[in-house]
Amino acid sequence: MIIGTAGHVDHGKTELIKALTGIDTDRLKEEKKRGISIDLGFAPFLLPDGRLAGIVDVPGHERFIHNMLAGVGGIDLVLMVVDATEGVMPQTREHLDILELLQIRKGLIVITKIDLADAEWLEMVVEEVKEAFAGTFLAGSPVHLVSARTKQGIAELKEALAQLAETVLAGDKSAPLRLPVDRVFSLSGFGTVVTGTILKGTVKTGETVEVTPPGRSFRVRGIQVHGEGVVEASAGQRAALNLAGLEKEGVVRGSVVAAPGYFHPTHRLDAKLKLLSTAPRPLTNMTPVHFYLGTARAVASLLLLGCEELLPGRESFVQCRLDKPLIAQRGDRFIIRSYSPVVTIGGGVVLDERPLRHKRFRRGVLERLQDLEKGDPLLFVLQKLAAIQGAPLSKLSQMMKMAPQQLANLLQQASREGKVALLGDLYVATAQRESWEIAILKELERFHREKPLLPGMPKVQANRVLPRKIAGQAYDALLENLKEQGLLTISGELLASRDFTPRPTAAQEKKLVEIEELFKKNGLTPPAPKDLWASLGLKKEEGESLLDYLVYSRTLVKITADIYLYGETYHHCLQVLKNHLQKNRSINLGQYRDLLQTSRKYAQALLEHFDSCKYTRRLGDERVAWKLL
Ligand SMILES: Nc1nc2c(ncn2[C@@H]2O[C@H](COP(=O)(O)OP(=O)(O)O)[C@@H](O)[C@H]2O)c(=O)[nH]1
Ligand SMILES: [Mg+2]
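Cut-offs used in this document
- Within every chain, residues take consecutive numbers counted from 1 along the sequence as written.
- To read the labels, note that chains go from A and ligands from 1, taken in the order they are written.
- Residues qualify for local features only when their pLDDT is at least 70, as the model is predicted, and side-chain atom pairs are given and counted only at 80 or more; totals for whole chains, interfaces and linings, by contrast, use all residues.
- With hydrogens and water stripped out, all remaining heavy atoms of the structure feed into the side-chain values.
- The rule for a salt bridge is simple: a side-chain nitrogen of Lys or Arg has to be within 4 Å of a carboxyl oxygen of Asp or Glu.
- Each helix is a run of H or I in the DSSP string that is no shorter than four residues. Each strand is a run of E no shorter than two, and both are numbered from the N terminus.
- Summary of the burial criterion: residues with accessible area below 20% of their type's maximum are buried, those above 50% are exposed, and those between are partly exposed, where the area comes from a 1.4 Å probe applied to protein chains only.
- The rule for donors is simple: an N, O or S atom within 2.8 Å of the metal counts, and for Na, K and Ca the reach is 3.2 Å. Water is not among the atoms, so a site may look short of donors.
- Two distance rules govern patches: like charges are joined within 9 Å, and nonpolar side chains (Val, Leu, Ile, Met, Phe, Trp, Tyr) within 5 Å, applied only to residues with over 30% relative accessible area and no salt bridge.
- Calculation of accessible area relied on Shrake-Rupley with a 1.4 Å probe; when residues are assessed, cover is drawn exclusively from the protein chains displayed.
- The charged-residue count follows a simple rule in which Lys and Arg add positive charge and Asp and Glu add negative charge, with His and chain termini not counted at all.
- Charge coordinates come from a single atom per side chain, which is NZ of Lys, CZ of Arg, CG of Asp or CD of Glu.
- Put simply, a nonpolar core is a bunch of buried Ala, Val, Leu, Ile, Met, Phe, Trp, Tyr and Cys residues held in one set by side-chain atoms that sit within 4.5 Å of each other.
- Contact definition: two residues touch when any of their heavy atoms are within 4.5 Å.
- When two rings of Phe, Tyr or Trp (its six-membered ring) have centres within 6.5 Å they constitute a pair, described as stacked for plane angles under 30 degrees, edge-to-face for angles over 60, and tilted for the intermediate range.
- Any Lys NZ or Arg CZ found within 6 Å of a ring centre and within 35 degrees of that ring's normal is scored as a charge over the ring.
- Strands are labelled as partners when DSSP assigns at least two bridges between them.
- Simply put, an axis is a line fit to the C-alpha atoms, just over the touching stretch for a helix, and the angle between two N-to-C directions goes from 0 to 180 degrees.
- Proximity is defined per residue: any heavy atom of the residue falling within 4 Å of a molecule or strand makes that residue near it.
- Nitrogen and oxygen atoms within 3.5 Å of one another constitute a polar contact, given that in protein one can donate a hydrogen and the other can accept it, and given that sequence-neighbouring residues count only through two side-chain atoms.
- Basically, the charged four are Asp, Glu, Lys and Arg, the nonpolar ten are Ala, Val, Leu, Ile, Met, Phe, Trp, Tyr, Cys and Pro, and anything else, Gly included, counts as polar.
- One fewer than the residue count of a helix, multiplied by 1.5 Å, yields its expected span.

Caption draft 1: Representation of the pattern of salt bridges. Inspection of every chain in the model, using the stated rule, returns 26 salt bridges. Between E30 and R34 there is a salt bridge, with the nearest N and O atoms lying 2.9 Å from each other. Here R34 and E30 lie together in helix 2 (residues 29-34), a separation of four residues that amounts to about one turn. Residue classification places E30 among the partly exposed residues on the basis of a relative accessible area of 33%. Residue R34 is classed as partly exposed on the basis of its relative accessible area of 42%. Across the salt bridge formed by K530 and D531, the nearest N and O atoms sit 3.8 Å from each other. Here D531 falls in the exposed class, since its relative accessible area comes to 51%.

Caption draft 2: Just the coordination of the magnesium ion (ligand 2), in detail. Donor atoms from the polypeptide that bind the magnesium ion (ligand 2) are T14 (OG1) and S37 (OG), placed at 1.9 to 2.1 Å. Note that T14 is positioned in helix 1 (residues 13-21) and S37 in the loop between helix 2 and strand 2 (41-46), a separation of 23 residues in sequence. Across the pair, S37 and T14 agree in class, each one buried.

Caption draft 3: Structural context of a negative patch on the surface. A grouping of D118, E120, E123, E127, E128 and E131 is seen on the molecular surface, where their side chains present a negatively charged patch. Summarising the element assignment, E123 is placed in helix 5 (residues 119-133).

Caption draft 4: Up close: the nonpolar core. Within the largest apolar cluster, 38 residues are counted, with the highest numbers of intra-cluster contacts made by I98, L99, I111, V129 and F133. At the level of elements, strand 1 (2-6), helix 3 (65-72), strand 4 (77-83), helix 4 (90-101), strand 5 (106-112) and helix 5 are the ones that each hand at least two residues to this core. Top contributing element to this core by residue count: helix 5, with six residues. In contact with I98, other than residues within four places in its own chain, are I65, M68, L69, V72, I335 and T344.

Caption draft 5: The packing of aromatic side chains, seen in detail. Tallied over the full model, the rule gives five aromatic pairs. Centre to centre, the rings of Y570 and F610 are 5.9 Å apart; their planes meet at 45°, and the pair counts as tilted. Residue Y570 is located in helix 17 (residues 567-583), and its partner F610 is located in helix 19 (residues 600-612); the two are separated by 40 residues in the primary sequence. The burial state of Y570 is the same as that of F610; both residues are buried. Seen from their ring centres, Y592 and F610 are 6.5 Å apart, and the 70° between their planes marks the pair as edge-to-face. Here F610 lies in helix 19 and Y592 lies in helix 18 (residues 589-596), a separation of 18 residues in the sequence. Pair check on accessibility: Y592 and F610 agree, each one buried. The ring of F317 carries the charged tip of K272 above its face, separated from the ring centre by 4.9 Å. It is R330 that lies over the ring of F380; its NZ or CZ is 4.4 Å from the centre.

Caption draft 6: Structural view of the sheet that holds strand 33 (residues 616-619). Ordered by their spatial adjacency, three strands build an open sheet running 32-34-33, and the pairing between neighbours is antiparallel. The open sheet is flanked by strand 32 (586-588) and strand 33, the only strands paired with a single partner. Taking the axes of each pair of neighbouring strands and ignoring which way they run, one obtains an average angle of 35° across the sheet. Relative to strand 34 (residues 622-625), strand 32 runs antiparallel, the two sharing three bridges. Bridge pairing in strand 34 links N588 to E622. Packed onto the sheet, helix 17 meets strand 32, strand 33 and strand 34 and runs at close to 130° relative to strand 32. Each of strand 32 and strand 34 is contacted by helix 18, which is oriented at about 80° to strand 32, the strand it contacts most.

Caption draft 7: Region of the structure containing the site of ligand 1. Neighbouring ligand 1 are 16 residues; D10, K13, T14, E15 and A148 lie closest to it. K113 places a polar side-chain atom, nitrogen or oxygen, 3.0 Å from an oxygen atom of ligand 1. Within the complex, the protein chains bury 84% of what would otherwise be the 570 Å² of accessible surface of ligand 1. With three residues, the top contributor of residues to the shell around ligand 1 is helix 1. Across the shell around ligand 1, the residue classes break down as three nonpolar, seven polar and six charged.

Caption draft 8: Seen up close, helix 17. For helix 17, with 17 residues, the first-to-last C-alpha span of 25 Å sits near the 24 Å given by 1.5 Å per residue. What helix 17 keeps buried is the set G567, T569, Y570, C573, L574, V576, L577, H580 and L581.

Caption draft 9: Broad picture of the sheet that holds strand 3 (residues 52-57). Reading across from one edge, 2-3-1-4-5-6 is the order of the six strands in this open sheet, with mixed pairing throughout. The open sheet is flanked by strand 2 and strand 6 (143-145), the only strands paired with a single partner. Recorded for the sheet is a direction-independent mean angle of 25° between the axes of neighbouring strands. Pairing between strand 2 and strand 3: six bridges, direction antiparallel. Within the sheet, the bridge partner assigned to F45 lies in strand 3 and is A53. Its contacts with the sheet put helix 6 (residues 154-166) on strand 1, strand 2, strand 4, strand 5 and strand 6, and the angle it makes with strand 5 is roughly 170°.

Caption draft 10: Structural detail: unusual backbone geometry. In this model, T212 is joined to P213 through a cis peptide bond whose omega is -20°. The topology assignment puts P213 in the loop between strand 10 (208-212) and strand 11 (216-225). If you check the backbone angles, D10 has positive phi at about 70° while not being a glycine. In this structure, D10 sits in the loop between strand 1 and helix 1. Even without being a glycine, F361 presents a positive backbone phi close to 55°. With respect to the secondary-structure elements, F361 resides in the loop between strand 23 (344-352) and helix 7 (363-373). F361 gets classed as partly exposed once you look at its relative accessible area, which sits at 41%.

Quick look at the structure:
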């Protein structure tokens, strides 16, 4: 569990942490000299029940709010510190706004330095504090009166912290690792160490993690939690990681240590933004602002998707266009500060970390974001699936930043509800599958209309109406499903619509009989197709489809592109071959030609045809009986 401090500069935050833990978190020389916190401070805190919590002490000075923001991201509960002699001050309010925008939900109010205030004054400050925090997550929390100097109230505060700690939910340890880096330093003989609060997941020594920037993988050589070496650390802990081969220059506060493959820096985020009611002026479209997410910061221009300008106190969907890429995840909270004056003016929640470039005022865009805002992870999966037209579990788990097992459960549920289908190893939205099915059936109908004499459409040809990735197993699964619904038939490599049979017209029937007669009459000296059409008064294409039909109906057999034989003639040739090979070990071209009393040309074409049917196998100049004869 991580506890953070908040409050105006000099209100006694650092002193309070010292009173609670014995540790001075002002570690910089500069901090000691000037007596103020500049950067984040860290201390372990032993709870009365024996558990160790981490404390992040933040600077209160308005000039160092960016450091405060880097520290406050991963905290579970906050100590909101107010100086008894000064009462509520500007950064008390600004920190409170930030905590609200980041949706920190738990905390204690601490009025400190009570050794410096008399009872009457103190009562007034308590009233002021209650008023200032009304309507926030701290409304109604008990106000603790303490002195770090005299230790008055410190024991009670510890007790209250311990009780509140009981209610903090553990972070998700099985999710992919994500640790935003808040500190980088090198130890001589050790190399580079990064520290941060683990937001999600678990890290183990020996594992490989990805650090972005620089966007490369490193082995975890060692892990420390609260100064002790450990073999693993997980969500809700502060950890220091020693990464093998990492150069200090490559990594910065704002870098993210993550499970490899899950997180990609992005220049664009879709979000819901709230402008604080205390913002000095409305936010106009594409105004640049300081943007803070996790421990990272950037400059963002905000495209207002649903309104001309955003009035103080109002919310809007926005697309954040960042001046440098950040790592973000759906559900992340962020803060924005205006350029001048540099004050916190709002914040919001990331809805999509890899959106397309949007235009303003598009109904489809806004409706999609409304759906995403509902926070239903399945809706998000379905949107992603529709956008990329299906994906295998591994890819989807990376896109969703969810552990594969967890995602598989979600998908199983969705498939029971009929929202998702599995095609081979591709998950697709059911609606998407249906649109592909319709595309195939339409293509089949078109084919049958154009080629009414052909028994079916080759599978590979129907595949062309689908996205390229729907191939192999996924394609077969799609067809199989259509077959199960009784919407098409599959025979070998051919697809046909349900109930389709090739049906020649009466005129075609007449021509078919004529062609059949010609082949029947001429036996082993069949006409060449190309010579037929003119005499029969047929166009080449129609003639060819009539031939195809005769092959389909088994009246003719196609030997090569220009040699077709009448069915009976063909069977006679096959029988001759069989008879010979029953009595002899092999046959050669000359023998077969003599047996059939035909020309070399036909004998050779037939033998090659029989080879391809696996009736015969060629050994030098001879052929022997093979598998199917
Ligand atoms: N008398 C008294 N002085 C305090 C107390 N807590 C802090 N101070 C003093 O107030 C000043 C600011 O405290 P510090 O913890 O640095 O404030 P921060 O900026 O909120 O971290 C320092 O000089 C402290 O010694 C307290 O409980 N009683
Ligand atoms: Mg301080």
